[in-house]
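Chain and residue survey
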Amino acid sequence: GVRSLGGEEDSTFRDHAARTAALHYSLSRPQANRQENRKKFAPIPVVYEARELGAWEIRSGRDVETAWCATITNMVYTFSRLTISAVCLISTSSTMAFSTASAGDRASHATTRLEISALESLADITTLSIDSGDIDTVEKYAKTGLVTDATTNPLFVSQAGQNGDERYESMVNEAILYAKKTTCSEDGCPVPDETINMAIDRLAVNLGKELLQLVPGRVSTEVDIRLSYDTDASVARARNIIKMYEDAGITRDRVLIKLAGTWEGIKAAETLEKEGIQCNITLVFSFLQAAASAQAGAYLISPFPGRILDWHKARSGQDSFEPGADPGVLAVKRMYNYCRKYEYPMIVMPASWRPSRGANVDGAEVDEILALAGVDEMTIPSPLLDTLSALESSAVTRKCDAQSGASQCTDPDFRLDEASFARYWEADGCGQDKLKEGIDAFTKETEKLIDILISKF
């Protein structure tokens, strides 16, 4: 992420600076479970020569160990070890780049100023996932080292089914052949539901396998949305999805099973978590869903601040909100604060974004993202990643903090059962409306996919 903001330079220095910055960043980004993000790396000997010296300080991301050594010999800084998630050398006047030099040599290149983007700054305080099933898009952002995970949904799988690109076409064909083989379906016969369901799951796994070759972290794969109110069937399909991944040599710790935030979906997650199958509870629009998921031991939830905002706009008649007062932002913060106060390890990963201040305001498309900076994780579509890449780092300030969030939480840790959940759910207009809307929309995408698959059988 090296960009010149002016100053004379030559291609040798520019290319080296870019390669070195990328190497350090990719080697030092935490890529494991967020609960295990204290990573150590082998020493990386690097020698830089400073053209200018100022009042320098070294800054690191949160929750990472810092271990470095700098020595100065004839105006040469030697960093003998980097173990932090990102390093910024910051002068009192500007951030400066260094040209490479052998120890004792004098600098021969003009200093170049470096700028850090909002995306880089956000990645230092929040784990980033890309919300896309497009292989080329995921690869582009995975190479930056800023995005570690990927999420998929029925829409992305449906798009893969009708893409036409030979890479996706091969996924579809393999899924159909696999389904025929495992369910003994014959060509020319009516396609039974069992075979179609197997093909749907296999295609989702095929897409997930491709994405896992690109991202170092996890991929979320969704259980058939039509099973959102059937706990046993959801558990069975989730187990089958995990088996297909494991048969392909992919361990279950790299996969999150996505389940809708119904009571039945949450209870399915409770069963699967006990088997070491970690779950992502999606379509979360209310604090009630979040609390029930945390109590069930879910690994992660995906609240949708943008769709929560849509619901409140439609009912209040108010077209815009300041980002900090956005109902979707406030809902996510409430969920996050509850988890931190009562020490639930569940990760809060918001998704689905809207412009708090309105679509006609420049830069408003990332309002909710910036208002939730510091939350555990975010999944962001590529157009918004592009927007963040073009913004300066000063746009990012931490808005979610575990300690202060815990102190702000006023919700009791009331234990929910099916009866109490149902009782509270009856009064949850946003949760009811948006959950139904989300399930209906994803069901339509699944039905489109079924038609595509049947046409190819």
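The structure we're discussing is the one just above.
Residues numbered from 1 in each chain as written. Predicted model: local features only at pLDDT ≥ 70, side-chain atom pairs only at ≥ 80, totals over all residues. Heavy atoms only, no water.

**What to know about the overall build of the protein**
Secondary structure summary: the protein contains 16 helices and 14 strands in total. Of all 457 residues assigned to the protein, the portion counted as buried reaches 54%. Long-range contacts, defined as pairs at least 24 residues apart, comprise 71% of the intrachain contacts of the protein with a sequence gap of at least 6. Counting only carbon and sulfur atoms, one obtains 49% of the accessible surface of the protein, whose full area is about 20100 Å². (Helix = DSSP H or I, 4+ residues; strand = E, 2+ residues; numbered from the N terminus. Buried < 20%, exposed > 50% of the residue type's maximum accessible area, 1.4 Å probe, protein only. Contact = heavy atoms within 4.5 Å. Areas by Shrake-Rupley, 256 points an atom, 1.4 Å probe, with all protein chains shown as cover.)

**Regarding the nonpolar core**
Membership of the largest hydrophobic core comes to 109 residues, with the highest contact counts inside it found for Ile257 and Ile380. If one sorts the elements of this core by residue count, helix H6 (residues 193-212) sits on top with 10 residues. When sequence neighbours within four positions are dropped, the list of residues in contact with Ile380 reads Leu122, Leu128, Ser129, Ile130, Asp131, Trp353, Ile369, Leu385 and Leu388. Tyr299, Leu300, Ile347 and Met349 belong to the second largest nonpolar core, which has 5 residues in total. (Core = buried A, V, L, I, M, F, W, Y, C linked by side-chain atoms within 4.5 Å.)

**Here we look at the packing of aromatic side chains**
In total, this model carries 7 aromatic pairs according to the counting rule given. Aromatic pair Trp263 and Phe421: ring centres 5.1 Å apart, planes at 40°, arrangement tilted. Here Trp263 is found in helix H8 (residues 263-274), whereas its partner Phe421 is found in helix H15 (residues 418-425), with 158 residues between them in sequence. Owing to a relative accessible area of 5%, Phe421 belongs among the buried residues under this scheme. On the numbers, 5.7 Å between centres and 15° between planes, the contact of Phe421 with Trp425 is stacked. With Phe421 and Trp425 both in helix H15 and 4 residues apart, this pair spans about one turn of that helix. For the pair Phe421 and Trp425, a shared accessibility class is recorded, and that class is buried. Among the aromatic residues, those joined into a ring-pair cluster are Phe287, Tyr338, Tyr342 and Tyr344. Above the plane of the ring of Tyr178 lies Arg202, whose end atom (NZ or CZ) is 3.8 Å from the centre. Sitting over the face of the ring of Tyr424, Arg423 holds its NZ or CZ atom 5.8 Å from the ring centroid. (Phe/Tyr/Trp six-rings, centres within 6.5 Å; stacked < 30°, edge-to-face > 60°. Lys NZ or Arg CZ within 6 Å of the ring centre and 35° of its normal.)

**Re the sheet that holds strand E7 (residues 127-131)**
With respect to topology, 8 strands assemble into an open sheet ordered E13-E12-E11-E10-E9-E8-E7-E14, the strand pairing being parallel. Each edge of the sheet is formed by a strand with only one pairing partner; in this case those strands are strand E13 (347-348) and strand E14 (377-380). Where strand E11 (residues 279-284) and strand E12 (residues 300-303) come together, 3 bridges link them in parallel fashion. Opposite Val284, over in E12, you have Pro303 as the bridge partner. (Pairing = 2+ DSSP bridges.)

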